[in-house]
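Residue-level structure breakdown
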Protein chains: 2
Amino acid sequence: MEYRRPQFYRVMAAARSADRDVVDCARGSPDWGPPEGVRDGLRSMAAADPNAYEYPPAAGLDRLRRAIADRRGVDPERVLVTNGAGAANHVAMATALAERGSEIVAADPVYPYYAGRASLLGNRARLVPVDDEGRLDPDAVRAAASTDTAAVVITTPNNPTGQTLSADAIDELAAIAAHFDAILISDEVYDHFVFAGRHQSALDADAPAVVTNSFSKTLAVPGLRVGYLVAPADLIDDIESRHLLTNVATTRPGQRAVARALETTRPDWYATNRRRVQDRIATFTAGLDAIGAEYYQPDGGFYVFARLPGVGGSFDAVFEMIESGGVAAMPGAAFGDARSEWLRFSMLTPRIETAVDRLTEYVATVEN
Amino acid sequence: MEYRRPQFYRVMAAARSADRDVVDCARGSPDWGPPEGVRDGLRSMAAADPNAYEYPPAAGLDRLRRAIADRRGVDPERVLVTNGAGAANHVAMATALAERGSEIVAADPVYPYYAGRASLLGNRARLVPVDDEGRLDPDAVRAAASTDTAAVVITTPNNPTGQTLSADAIDELAAIAAHFDAILISDEVYDHFVFAGRHQSALDADAPAVVTNSFSKTLAVPGLRVGYLVAPADLIDDIESRHLLTNVATTRPGQRAVARALETTRPDWYATNRRRVQDRIATFTAGLDAIGAEYYQPDGGFYVFARLPGVGGSFDAVFEMIESGGVAAMPGAAFGDARSEWLRFSMLTPRIETAVDRLTEYVATVEN
């Protein structure tokens, strides 16, 4: 097998098995738990008639598709509910790679499931290093794209860099994809965690895009495995056929819980969690400044991507930091070659101050 | 796109939109509803801590994997929990087709998702007509198999024929697959609905097999989307990597509900539902005898596969039977070419007597 299996679990396992207390800045699951609507939806499923346990419609429960369509301002026929954004990205990428070329183009550093999936499907990922500010430069994508390009895959807000793409940049990327008859796939799972201005979605681009998303971050429920994609009208049938032959349909209790939560959760719930992440980022980056670490100021998302003096970004460096420093992070090397000396710290723990204290001490130790 | 999208939904839509009352012998969802343990499991999920909403382990909740492993008599490490048997079959077939050849061999008639999936993945399905008794003959599989064969896919008890494979036949099929370095994939989702003797699983075959299964039929919960596969120890890692890059993980509420149900559901619940299906089959086949229809006496499963005098097995024949006869069934043509004049009647409605009365009248009408 040539493909790279994502290695996140190795860090999780090291953090769990450490002999000492470890602050978990490696995790991707929100720590604040779901809104009450999620629990209400599960309770209503528990009490439902037998027909609520039948096969769901392949494209998703009508009620949920309509709620998503309303929020995104699209026709419900363009919405497909999937087993998380993972399955949304899978069927979108597999559809592109089956018909349009043998390569995907993405940023480096990159969420490793994209490149792993291209390799899994017998294809390649061409990774374009981000610029000095951690941003994906459309000109660099243009230079890397070719008639072999099946899809240009972007993440905005980004994991791991925390950067967002401007409307102009997204327009340019959509035009580049269209020029090569490729699909722009825009993973927007952090869209509720944009810290300044509003989220710029590829749905608003001048050229068509497949936008993938999930409720894992938005509603703090990665365990439900409910995501979705919005595709152009001329692509949705092909993508839905692939979804049908991959997963048949998406779980009903999860869909019902999400639908209820979308109907009942008030705006301040979302705002509170966004501010929670922002406050943690402020605390953490103040600590990084004091340490003298390099980092990208996040525009959005859950992460601070940083380079600590003397620490490094390999798996071994992370294992050492867990054991000797008491803080777990994800190695930059897990996201590609361009920032392999960096680390991704997630802001999904209330113990950010402890993390800063420990990192300050750890950096002082390794530098001596 | 060359692949065939399963067309079941066309019959469902015709039955729903008919101007008259229609007895639904087309559906695949049990009508009796889940055991109380499923509902208990969902209620416990609704009340659970935030960490119960985090990403589940990729291979499935430990509690559920252990329960499955105990029942199947295998090491839990060989068990992968999937988004229904659909995803189990998908990752097993995709793993085989990525490395071992470009064809699957399966019976005709065949559950259409297998052949559609092979085509979707850029490969072919070589279908072997069943014998006059509706059984897959291992000698015919041997004649069809070659070094191009990546997987031999069987279903026992079968959908649509209702036939089971003997231990000897499964041994022969496993040996044929092994001879060509192919994987025997045995879909056993109807294993709790075997009407005489015990279920013969490919797990007990002399050569290795990947066994796929789900709780959709067993616990009457296709809407949960919880299935699994058991793979040989030297294959499970490759299959799990593919699962990870396809779906990341399987939904927690569904897994929790199934785990609870497996722990709390008494044997008589399963036996009652098996007898319910048997009684319906007895009523239905007595009616078919009186009509003079040809059919296979089911060894197991949910279906009676039959040929009605003068009716035919095309989609058009089914649409006509819905409108003029008031009974919906699945067209034999949806399952391949070998029995394209036949129909699959599911026994998942309490209105079997009404179905028999209407079919008796309908056959009399079309014969005149």
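If you're wondering where the values come from, they're calculated on a predicted model, not measured in any experiment. (Residues numbered from 1 in each chain as written. Chains lettered and ligands numbered in written order. Predicted model: local features only at pLDDT ≥ 70, side-chain atom pairs only at ≥ 80, totals over all residues. Heavy atoms only, no water.)

Focus: the sheet that holds strand 9 (residues 294-295) of chain A
Residues and elements named next belong to chain A.
- Across the sheet, which stays open at both edges, the 4 strands sit in the order 9-10-13-12 with antiparallel pairing between neighbours. At either margin of the open sheet sits one strand with a lone partner, and together these are strand 9 and strand 12 (330-331).
- Bridging between strand 12 and strand 13 (residues 343-346) involves 2 bridges; their strand directions are antiparallel. Bridging across to strand 13, P331 finds its partner in L343.
- Where helix 10 (residues 267-291) meets the sheet, it contacts strand 9, strand 10 (303-307) and strand 13, and its direction lies at approximately 5° from that of strand 10. (Pairing = 2+ DSSP bridges. Helix = DSSP H or I, 4+ residues; strand = E, 2+ residues; numbered from the N terminus. Contact = heavy atoms within 4.5 Å. Axes fitted to C-alpha atoms, helices over the stretch in contact; angles between N-to-C directions.)

Points about the nonpolar core
- Core analysis: the largest hydrophobic core is formed by 80 residues, its most contacted members being V210(A), L229(A), F284(A), L308(A), M321(A) and F345(A).
- With 7 residues, the top contributor of residues to this core is helix 4 (residues 84-99) of chain A.
- Look past the residues within four positions of L229(A) in its chain and what remains in contact with it is R78(A), V79(A), L80(A), A88(A), V91(A), A92(A), V210(A), V211(A), T212(A), I236(A) and I239(A).
- Counting residues in each nonpolar core, the second largest holds 56 residues, with W32(B), A85(B), A306(B) and A334(B) among its members. (Core = buried A, V, L, I, M, F, W, Y, C linked by side-chain atoms within 4.5 Å. Buried < 20%, exposed > 50% of the residue type's maximum accessible area, 1.4 Å probe, protein only.)

Section: the pattern of salt bridges
Residues and elements named next belong to chain A.
- Under the counting rule described, the total for this entry stands at 36 salt bridges over all chains.
- We note a salt bridge from E103 to R124, for which the minimum N-O separation is 3.4 Å. Here the residue E103 occupies a position in strand 3 (residues 103-108), and R124 occupies one in strand 4 (residues 124-129), the gap between them amounting to 21 residues.
- Given a relative accessible area of 3%, E103 falls into the buried group.
- Residue R124 is classed as partly exposed on the basis of its relative accessible area, which comes to 43%.
- Residue E133 pairs with R135 through a salt bridge whose shortest N-O separation is 4.0 Å.
- E133 sits in the exposed class, given a relative accessible area of 53%.
- Overall, the relative accessible area of 29% leaves R135 in the partly exposed class.
- A single network of salt bridges, built from pairs that share partners, joins D21, R351 and R358. (Salt bridge = Lys/Arg side-chain N within 4 Å of Asp/Glu carboxyl O.)

Side note on the domain arrangement of chain A
All names here are of chain A.
- As far as domains go, chain A holds domain 1 (7-33 + 268-367) and domain 2 (36-264).
- Facing the 29 residues of domain 1 at the interface are 34 residues of domain 2.
- For the pair domain 1 and domain 2, the summed buried surface comes to about 2600 Å²; carbon and sulfur atoms form 61% of the total.
- Contact with domain 2 buries area across many residues of domain 1, yet Y270, D299 and F335 alone supply 25% of it, more than any other trio.
- Run the count over domain 1 and domain 2 and you get 1 salt bridge.
- For D299, the salt bridge is made with R135, and the minimal N-O distance between the two is 3.2 Å.
- Taken together, domain 1 and domain 2 are joined by 14 residue pairs in polar contact (both at pLDDT 80 or more).
- Elements supplying a minimum of two residues to the side of domain 1 that touches domain 2: helix 10 and strand 10.
- Looking at which element gives the most residues to the side of domain 1 that touches domain 2, the answer is helix 10, with 7 residues.
- Split into classes, the residues belonging to the side of domain 1 that touches domain 2 amount to 15 nonpolar, 9 polar and 5 charged. (Domains from an automatic or database assignment. Buried area = accessible area lost by both parts, 1.4 Å probe. Polar contact = N/O pair within 3.5 Å; in protein donor to acceptor, adjacent residues only side chain to side chain. Nonpolar A, V, L, I, M, F, W, Y, C, P; charged D, E, K, R; others polar.)

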